[in-house]
Amino acid sequence: GREEPQRSRDALLSIAGLSIATSLDAMTVGVALALMGASPVRAGGLTALVMGTLSLAGAGFGGRIGEGHRRGARLAGGMILAVLGLRLLITALF
């Protein structure tokens, strides 16, 4: 019915939002690594490998959690990303 296109649209918007959040976190890591003098090619390659692997693992795990914990899982994931990115940036700056 009409609910299916709305759910697809909501899912697409959620994926886009999470992708932006992940990209901002990766950018923060990139800035911190550059400030520490890391090789951009090695750092970028390792970051892509780790992010890809953990994203796939998270998607598999998230599918098992189910509908009941969706909102809390999103909030927890966003908070963890923000704290890790901020911690890495602060560590690199000070």
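Read on for a plain summary of the structure.

Rules used in this analysis
Every chain is numbered independently, its residues counted from 1 as its sequence is written. Note on the predicted model: pLDDT of at least 70 is required for a residue's local features to be given, and 80 or more for side-chain atom pairs to be given and counted; whole-chain, interface and lining totals, by contrast, use all residues. To get the side-chain values, all heavy atoms of the structure are used, and hydrogens and water are removed first. Grid spacing is 1 Å over the protein atoms alone, the probe is 1.4 Å, and a cavity is where that probe fits but cannot get out, while a pocket is an open set with protein on both sides within 12 Å along at least five of seven lines and lining residues have an atom within 4 Å of a point. Grid points are joined across faces, edges and corners, and a volume is the space filled by probe spheres set on the points. Only DSSP runs of H or I with at least four residues qualify as helices, and only runs of E with at least two residues qualify as strands; both kinds are numbered from the N terminus onward. As a working rule, the residues Ala, Val, Leu, Ile, Met, Phe, Trp, Tyr, Cys and Pro are called nonpolar, Asp, Glu, Lys and Arg charged, and the rest polar, with Gly in that last group. Nonpolar side chains (Val, Leu, Ile, Met, Phe, Trp, Tyr) within 5 Å and like charges within 9 Å form the patches, drawn only from residues with over 30% relative accessible area and no salt bridge. With residues, only the protein chains shown are counted as cover, and all accessible areas are computed by Shrake-Rupley using a 1.4 Å probe. Within this document, salt bridges are pairs made up of a side-chain nitrogen of Lys or Arg and a carboxyl oxygen of Asp or Glu, the two lying within 4 Å of each other.

Let's talk about the layout of surface pockets
Here is step 1 of the chain: Each pocket or cavity is described by its volume, and for the largest pocket that value is around 1,700 Å³.
Here is step 2 of the chain: Leu18, Ser55, Gly58, Ala59 and Gly77 are the residues nearest the centre of the largest pocket, which is lined by 44 residues in total.
Here is step 3 of the chain: When contributions to the lining of the largest pocket are tallied by element, the ones reaching two or more residues are α1 (3-35), α2 (40-65) and α3 (70-93).
Here is step 4 of the chain: Among the elements that take part in the lining of the largest pocket, α1 stands out by supplying 15 residues, more than any other.
Here is step 5 of the chain: Considered class by class, the residues forming the lining of the largest pocket number 22 nonpolar, 14 polar and 8 charged.

Here's the deal with a nonpolar patch on the surface
Here is step 1 of the chain: A cluster of nonpolar residues, Ile20, Leu24, Met27, Val31, Leu35, Leu86, Ile90, Leu93 and Phe94, forms a patch on the protein surface that exposes about 960 Å² of accessible area.
Here is step 2 of the chain: Looking at the nonpolar patch, the elements with two or more residues in it are α1 and α3.
Here is step 3 of the chain: The residue Phe94 is located in the segment after α3 in this model.

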